[in-house]
Amino acid sequence: MKKILIANWKMCNKSAAEALNFLNVLPSPQKKDVRIAVPFTLIREMAGNSLKIRIGGQNMHSYAEGAFTGEISCMQLCDAGADFVILGHSERRHLLGETNEFIQGKVERAVVEGLSFVLCVGETLEERELGETFDIIQSQLDSAFEDLSEEQLKTLGVLIAYEPVWAIGSGKSAEISQICKVHDFIKEKYPLPVLYGGSVTLENFEKLIQASSIDGVLVGGASLGAATFGQMIQLLPEG
Ligand code: 13P
């Protein structure tokens, strides 16, 4: 299976001009699976780029429309050119109070409207230390995928990203063996591609991407520089 490289730009504060300059200096991914999840304002600018890098959103609401100031709908993401969305990122779960139930609503919305998504799951440090890692991940997955068949998830090209909360933005990536244990656990229950995210850098990229249980990486901070991200594209295996 092709390995997958996804940048999560978070609230990166890039202007449209900066985002287009970023694309301009990247090497062509050719047939590699490379994607960037960008702030809403950059989707239309970046979608349909000549490098064929897939552009996605980082969040959306579970309702089709309504009085939800500041939110965005699935239809609007698609209309702007997004061809995937990140759902359940831990920053939204933990900093913005998103619950498993709310995320399940978003998953349902994406399925109904046919938008592919990356579901993020992961435990906090406290949960890991209490030995709750697998229970937390199972409950996040079971809740998000309630009532959905494996067939539906596969048809939509759904990906799972394992992002231990303690490894995100901490400079302290999880050990490969820790990651593989969790990925194998996830794949046994939901046989979908599983990406790893949490302090992925150019230094640990190759080791991570070569591990057979790691189907790709979701990169935050290190994806913001075109030189680094460009090198990751080059290091990503072809097939
Ligand atoms: P960092 O790579 O900055 O740790 O962020 C990971 C992440 O949250 C990707 O979604």
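Bear in mind the structure is a predicted one, so any value in this text is a computation, not a measurement. (Residues numbered from 1 in each chain as written. Predicted model: local features only at pLDDT ≥ 70, side-chain atom pairs only at ≥ 80, totals over all residues. Heavy atoms only, no water.)

### Description of the site of the ligand
So the rule is basically this: When at least one non-hydrogen atom of a residue lies within 4 Å of a molecule or strand, that residue is treated as near it. Pairs of N or O atoms are called polar contacts if they sit within 3.5 Å, as long as, within protein, a hydrogen donor faces a hydrogen acceptor (for residues adjacent in sequence, only side-chain-to-side-chain pairs). Using a 1.4 Å probe, the Shrake-Rupley method yields the accessible areas, and only the shown protein chains count as cover for residues. The classification used treats Ala, Val, Leu, Ile, Met, Phe, Trp, Tyr, Cys and Pro as nonpolar, Asp, Glu, Lys and Arg as charged, and all other residues, Gly among them, as polar.
Taken together, 13 residues lie near the ligand, and His89, Glu163, Gly169, Ser199 and Gly221 sit nearest. Interatomic distance of 2.6 Å between a backbone N/O atom of Gly169 and an oxygen atom of the ligand. A distance of 2.8 Å separates an oxygen atom of the ligand from a polar backbone atom of Ser199. Calculation on the ligand without its partners gives an accessible area of 310 Å², and the protein chains cover 95% of this total. Grouping the constituent residues of the shell around the ligand by class yields four nonpolar, seven polar and two charged.

### Some points on the side chain of Lys106
Worth spelling out the cut-off: Helix and strand assignments follow DSSP, with helices taken as H or I runs no shorter than four residues and strands as E runs no shorter than two, numbered in order from the N terminus.
Mapped onto the elements, Lys106 comes out in helix 5 (residues 100–113). At 2.9 Å, the side chain of Lys106 forms a polar contact with the backbone oxygen of Met60.

### Topic: the sheet that holds strand 1 (residues 4–8)
Note the threshold: By definition, two strands form a pair when at least two bridges between them are found by DSSP. Angles here are taken between N-to-C directions and fall from 0 to 180 degrees, while the axes themselves are lines fitted to C-alpha atoms, restricted in helices to the stretch in contact. In what follows, a contact means two residues having at least one pair of non-hydrogen atoms within 4.5 Å.
If you walk across this open sheet you meet the eight strands as 3-2-1-8-7-6-5-4, and the pairing is parallel. With partners counted over all chains shown, the strands left at the sheet margins are strand 3 (54–56) and strand 4 (84–87), one partner each. Across the sheet, the mean angle from the axis of one strand to that of its neighbour is 25 degrees, orientation sign disregarded. Together, strand 5 (116–121), strand 6 (159–162) and strand 7 (194–197) form the strand contacts of helix 9 (residues 176–189), whose direction differs from that of strand 7 by roughly 150 degrees.

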